[in-house]
Amino acid sequence: MTVTTQRRSGGGYLERPKPSGLADVIEIILDKGIVIDAYIRVSLVGIELLTIDARIVIASVDTYLRFAEATNRLDLYEHGGKDLGEMVQDLQGGGASGKAEGAVQGVKRALGRGHSDEDEEEEKRPAKKSSSARRRAESR
Amino acid sequence: MADTDEGLFLYGVVPADADLPAGLTGVDDRAVELLGAGRVAAAVNPIDLERSSGRRADLLAYHAVLDALSELGPVAPVQFGSVLPDAASVVEEFLLPQEERFAELLEELAGRRQFNLRATHMEDVVLAEVVAGNPEIRELRERTRELPEDASYADRVRLGELVSGELQGRSSEDADLLLERVLPHTVGYAVRAEPGPAQVIDVALLVDVAHTEEFVRVLEDLAQAVHERIRLRLVGPMAPYDFAGEG
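Because the structure is predicted, anything quoted here is derived from the model rather than measured.

## A closer look at the nonpolar core
Judged by nonpolar contacts, the single largest core of 49 residues is most densely connected at Tyr11, Val13 and Ala42 of chain B. Looking at this core, the elements that each hand over two or more residues are α1 (22-29) of chain A together with β1 (6-15), β2 (33-37), β3 (40-48), α1 (55-72), β5 (83-84), α2 (87-95) and α3 (99-109) of chain B. Looking at this core element by element, the count peaks at seven residues for α1 of chain B. Here this core spans two domains, and each of domain 1 (6-110) and domain 2 (113-243) of chain B adds at least three residues to it. In this structure, Leu14 of chain A together with Met122, Val200 and Leu205 of chain B belong to the second largest nonpolar core, which totals 41 residues.

See the structure below:
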């Protein structure tokens, strides 16, 4: 894969992953680009199906339960109380310091899952999630 | 190439005088070639129409070819999986009828590349704000964490719904703040996903190559300024997948 040189970012807060795995690539290209009229196109077995099964619809109840779980798991702690506007304004001044770690990464990974042949790389780890519904079914 | 069992797999549209990277191969390791029509050309390679599809390799090859093309000059990607029967149809049915539009598009894309920017909340930090700021959420949280999951199912759904709504609101606000800061350093943007409970920003940005360093520096500073609440993730530069237009 051709990737131009990536400089290490100064403060290290800006993440700059290189798209390398299948999941990254699907996310970038899915449904993008010039569309060619169906009547001049040739269908190629398999290739068109991809855009369909790459989608995963997350049921809203599951999403709610995940947020409830994350909220309950949370160890409440006092937070510095700066809102984002102040943080952004701090750019003119010295900026924030210190390092936040260990936050649960709740990034929705809707795409690129469900492919058996994908190479899972560490940054693509699905959001930490235990399916409450499944656990309920098993334990009772 | 006029073989009846073969078609042409399309990658993208480039200016007629575009250079191809030496030895560029695409799907099935076949050489990529240009088919010119007036001011524009299509980057294609032959593909066996009877082949079983090796989807993973095809996607990666498509992406790699467009990446390589976009390093040399403007390219308007064609949607993945587009195959035409032969060279004549590429030229006469695809390129020539839209030559003017493609040429204009390529002029706009010249000297510019795409970055994808995604912003997500540090979930624990923002959840703590949400709990602290909403008495009903606080109360539901206290109640449901003591009970077995079965007994509190309805309350937990309600709790999650409220939290989700709060997160949605914060995402929208924060998205506006961030974009206000970033967009002046771009020449175009396309929303890939609207702000949602789990995501603040997911946008494609078109950036002048000449201003890339400054653009990245602005984002680095922004990422540092907001790092307590928000993570910023920048992917690129890449081919302008989100700026090739519809239809």
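Having seen the model, we can carry on.
## Some words on the sheet that holds strand β7 (residues 188-193) of chain B
An order of β1(A)-β9(B)-β6(B)-β8(B)-β7(B) is seen for the five strands of this open sheet, with the pairing classed as mixed. Strands with a single pairing partner mark the edges of an open sheet, and in this sheet they are β1 (14-15) of chain A together with β7 of chain B. In this structure, β7 of chain B lies alongside strand β8 (residues 201-208) of chain B, joined through five bridges in antiparallel fashion. Following the sheet pairing, alanine 193 of chain B is matched in β8 of chain B by aspartate 202 of chain B. Contacts between helix α7 (residues 212-226) of chain B and the sheet are confined to β1 of chain A together with β8 and β9 (230-238) of chain B, with β9 of chain B contributing the most and set at about 165 degrees to the helix.

## Section: the domain arrangement of chain B
Note: interface size is frequently given as the accessible area lost on complex formation between the parts. Residue and element names in this part refer to chain B. In terms of domains, chain B is made up of domain 1 (6-110) and domain 2 (113-243). Each of domain 1 and domain 2 has a C-alpha centre, and the two are 35 Å apart. With seven residues of domain 1 at the interface, the matching set in domain 2 holds six residues. No other element matches α1, which puts four residues into the side of domain 1 that touches domain 2.

## Topic: the packing of helix α5 (residues 135-146) of chain B against helix α6 (residues 153-182) of chain B
Residue and element names in this part refer to chain B. Direction vectors running N to C along α5 and α6 enclose 145 degrees, while the axes themselves pass 10 Å from each other. Between α5 and α6 lies a crossing of left-handed hand. Across the interface between the two elements, Glu136, Ile137, Leu140, Arg141, Arg143 and Thr144 of α5 pack against Asp155, Arg156, Arg158, Leu159, Leu162 and Val163 of α6. Its residues assigned to classes, the contact of α5 with α6 shows five nonpolar, one polar and six charged.

## Section: α3 of chain B
All names here are of chain B. Listed in full, the buried residues belonging to α3 are Phe102, Leu105, Leu106 and Leu109. Seen along its axis, α3 keeps its buried residues to an arc of 100 degrees; they face one direction. Exposed residues lying more than 90 degrees from the buried face of α3 are Glu100, Glu104 and Glu107. Check the buried side of α3 and you find it contacts β1, β3, β4 (76-77) and β6 (112-121). Looking at the residues trailing α3, positive phi occurs at glycine 111, about 75 degrees.

Calculation notes
Residues numbered from 1 in each chain as written. Chains lettered and ligands numbered in written order. Predicted model: local features only at pLDDT ≥ 70, side-chain atom pairs only at ≥ 80, totals over all residues. Core = buried A, V, L, I, M, F, W, Y, C linked by C-beta atoms within 7 Å. Buried ≥ 20, exposed ≤ 12 C-beta atoms within 10 Å, placed from the backbone. Helix = DSSP H or I, 4+ residues; strand = E, 2+ residues; numbered from the N terminus. Domains from an automatic or database assignment. Pairing = 2+ DSSP bridges. Contact = placed C-beta atoms within 7 Å. Axes fitted to C-alpha atoms, helices over the stretch in contact; angles between N-to-C directions. Left-handed = near helix turned anticlockwise from the far one by under 90°. Nonpolar A, V, L, I, M, F, W, Y, C, P; charged D, E, K, R; others polar. Arc of directions from axis to C-beta.

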